[in-house]
Amino acid sequence: MIDRCLIGCIDSLIEPGVLSACATAGMVKTEANPVGFMPGEAAVFLLIEPTREGDPQAAVQIISSHHTIDRPYLDPEQPPMGRGLAKTVIDARAGQPGMTPLVIADLNGTELRALDWGHALVQWRDRLGEFESDVWLPVESFGETGAAHAGLALCLAHEACRRGHVRSGEALVVLCGEGGGRGALRLRLHATPLQ
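Here's a quick rundown of the structure. Please read these numbers as outputs of a predicted model, since none were measured by experiment.

### Re the packing of aromatic side chains
Thinking step 1. Summed over all chains, the structure comprises three aromatic pairs.
Thinking step 2. Note on tryptophan 117 and tryptophan 124: the rings are 5.1 Å apart at their centroids and 85° apart in plane angle, and the pair reads as edge-to-face. The same class applies to tryptophan 117 and to tryptophan 124, which are both buried.
Thinking step 3. For the pair tryptophan 124 and phenylalanine 131, a centre-to-centre distance of 5.9 Å together with 20° between the ring planes defines the contact as stacked.
Thinking step 4. The exposure class of phenylalanine 131 is buried, given its relative accessible area of 15%.
Thinking step 5. Through successive ring pairs, a cluster of aromatic residues spans Trp117, Trp124 and Phe131.

Quick look at the structure:
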């Protein structure tokens, strides 16, 4: 049995070769292209270990995780219509009324991701009721962090709860991959005192 695991989430979209390729593909936000992403980078390392219910050391607990494959964002001729994104969130909320009070999403400024999110909102409202959650977009502070988004979102949720910016309770991390992956992590947040 494994007692604990260290997971590293690292990505950089500011390396010159990657940035140049993304700019050539029209994916980067510029004066001429206001619907692209802002380049960024992040590195996050998470210690994952089992906990008992009510453990005061458990700042963030992953209650459930769901993943599915939908259409990739890379093909504008066949845009995603929110089905995969809606399914992962609805599955993550299974048995729970409504939406969590906090959603941390990786909307990054690109048209197809916004289109996907908009279609998913309609489906969420149909199944979960009116969408009244606070939505945090880490891209506004860190730029597009790609594969590091999930780890970054977990750290943001923990720090926000620890500093009293959000109450203890639940949050939802919504994940979207350019290649079609969609995911959702349902979190339980516990306030831990500042040291």
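### Quick notes on the pairing of strand β4 (residues 102-105)
In regular strands, side chains alternate between the two faces of the sheet.
Thinking step 1. Neither face of β4 is open: one carries Leu102 and Ile104, the other Val103 and Ala105, and all of them are buried.
Thinking step 2. When β4 meets strand β5 (residues 134-136), the two strands line up parallel, connected through three bridges. Paired with valine 103 across the bridge in β5 is valine 135.
Thinking step 3. Crossover handedness for the path β4 to helix α3 (residues 111-128) to β5: right-handed.
Thinking step 4. By the bridge criterion, four bridges tie β4 to strand β6 (residues 169-176) in an arrangement that is parallel.

### A word on the pattern of salt bridges
Thinking step 1. Inspection of every chain in the model, using the stated rule, returns 10 salt bridges.
Thinking step 2. Its salt-bridge partner being glutamate 170, residue arginine 93 comes within 2.8 Å of it at the nearest N-O pair. Of the two residues, arginine 93 is situated in the loop between α2 (83-92) and β4 and glutamate 170 in strand β6; the sequence distance between them amounts to 77 residues. As far as the burial class goes, arginine 93 and glutamate 170 line up, both buried.
Thinking step 3. Because the salt bridges share partners, they merge into one network encompassing Arg93, Glu170 and Arg186.

### As for a nonpolar patch on the surface
Thinking step 1. A cluster of nonpolar residues, Leu6, Ile10, Phe45 and Leu47, forms a patch on the protein surface that exposes about 460 Å² of accessible area.
Thinking step 2. Looking at the nonpolar patch, the elements that each hand over two or more residues are β1 (5-12) and β2 (41-48).
Thinking step 3. Mapped onto the fold, leucine 6 is located in strand β1.

### Re the environment of alanine 42
Thinking step 1. Its place among the elements puts alanine 42 in strand β2.
Thinking step 2. With 100 residues separating them along the chain, alanine 42 and phenylalanine 142 place their C-alpha atoms 7.5 Å apart.
Thinking step 3. Excluding anything up to four places from it in sequence, alanine 42 contacts Cys9, Ile10, Asp11, Thr145 and Ala148.

### Focus: the sheet that holds strand β3 (residues 60-69)
Thinking step 1. Overall, mixed pairing links the five strands, which are arranged β3-β7-β6-β4-β5 in an open sheet. Looking at strand neighbours, the two that pair on one side only are β3 and β5, the edges of this open sheet. Across the sheet, the axes of successive neighbouring strands diverge by a mean angle of 20°, strand direction being ignored.
Thinking step 2. With eight bridges joining them, β6 and strand β7 (residues 181-189) adopt antiparallel strand pairing. Residue pairing for β7: leucine 175 is matched across the bridge by glycine 183.

Calculation rules
- Residues numbered from 1 in each chain as written.
- Predicted model: local features only at pLDDT ≥ 70, side-chain atom pairs only at ≥ 80, totals over all residues.
- Heavy atoms only, no water.
- Phe/Tyr/Trp six-rings, centres within 6.5 Å; stacked < 30°, edge-to-face > 60°.
- Buried < 20%, exposed > 50% of the residue type's maximum accessible area, 1.4 Å probe, protein only.
- Helix = DSSP H or I, 4+ residues; strand = E, 2+ residues; numbered from the N terminus.
- Pairing = 2+ DSSP bridges.
- Right-handed = clockwise from strand over helix to strand, strands pointing away.
- Salt bridge = Lys/Arg side-chain N within 4 Å of Asp/Glu carboxyl O.
- Patch = residues over 30% accessible without salt bridge, like charges linked within 9 Å, V, L, I, M, F, W, Y side chains within 5 Å.
- Areas by Shrake-Rupley, 256 points an atom, 1.4 Å probe, with all protein chains shown as cover.
- Contact = heavy atoms within 4.5 Å.
- Axes fitted to C-alpha atoms, helices over the stretch in contact; angles between N-to-C directions.

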